Amino acid sequence: MSNKTVFGKIIDGEIPCEELYRDEFCLAFRDIQPQAPVHILVIPIKPLESLKSIQEEDQELLGHLLMTASKIAQKEGLENWRTVINTGEKAGQTVFHLHIHIIGGRELKWPPG
Ligand code: AMP
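What counts and what doesn't
- Residues numbered from 1 in each chain as written.
- Predicted model: local features only at pLDDT ≥ 70, side-chain atom pairs only at ≥ 80, totals over all residues.
- Heavy atoms only, no water.
- Helix = DSSP H or I, 4+ residues; strand = E, 2+ residues; numbered from the N terminus.
- Expected span 1.5 Å × (residues − 1).
- Buried < 20%, exposed > 50% of the residue type's maximum accessible area, 1.4 Å probe, protein only.
- Arc of directions from axis to C-beta.
- Contact = heavy atoms within 4.5 Å.

Student: How should I be thinking about helix H2 (residues 59-75) in this particular structure?
Tutor: Along an α-helix, residues three or four positions apart point the same way, because every turn accommodates 3.6 residues. An ideal rise of 1.5 Å per residue puts 24 Å on 17 residues; H2 measures up with 25 Å between its terminal C-alpha atoms. For H2, every residue scored as buried is listed here: Leu61, Leu65, Thr68, Ala69, Ile72 and Ala73. Each buried residue of H2 sits inside an arc of 130° when the element is viewed along its axis, so together they form one side. More than 90 degrees from the buried face of H2, the exposed residues found are Gln59, Glu60 and Lys71. Packed against the buried residues of H2 are strand S1 (19-22), strand S2 (26-30), strand S3 (38-44), strand S4 (81-84) and strand S5 (100-104). The first or second residue beyond H2 is Gly77, which carries a positive phi of 85°.

Printed below as a string of structure tokens:
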């Protein structure tokens, strides 16, 4: 039995996604259950579970994910957006493959629930 997460399967092309960007290190695609007019996920190709499992060696990769998220948000025409990384079940993490949410296209309230 495969222990791949749904995002691992998306990376490997086993389940489809609305892909926006891919390079050697990351993949960006639209969230299947958007919480705002724009809701995109940026994920590393490397199967990191969450921000809990990152190592010093992942520093450059994490920077690349944020750079990519910024470029994609601006390419989507967003001037304001929120980037979210849920870490752990009680913080709302449901898929245990690190991902950055890019959420925008409507006014966003703070604090989040
Ligand atoms: P989180 O709750 O932070 O772990 O976020 C997981 C996100 O993945 C949720 O916003 C889901 O809607 C999204 N998601 C789950 N399955 C898929 C899928 N097959 N394609 C695109 N997004 C997905």
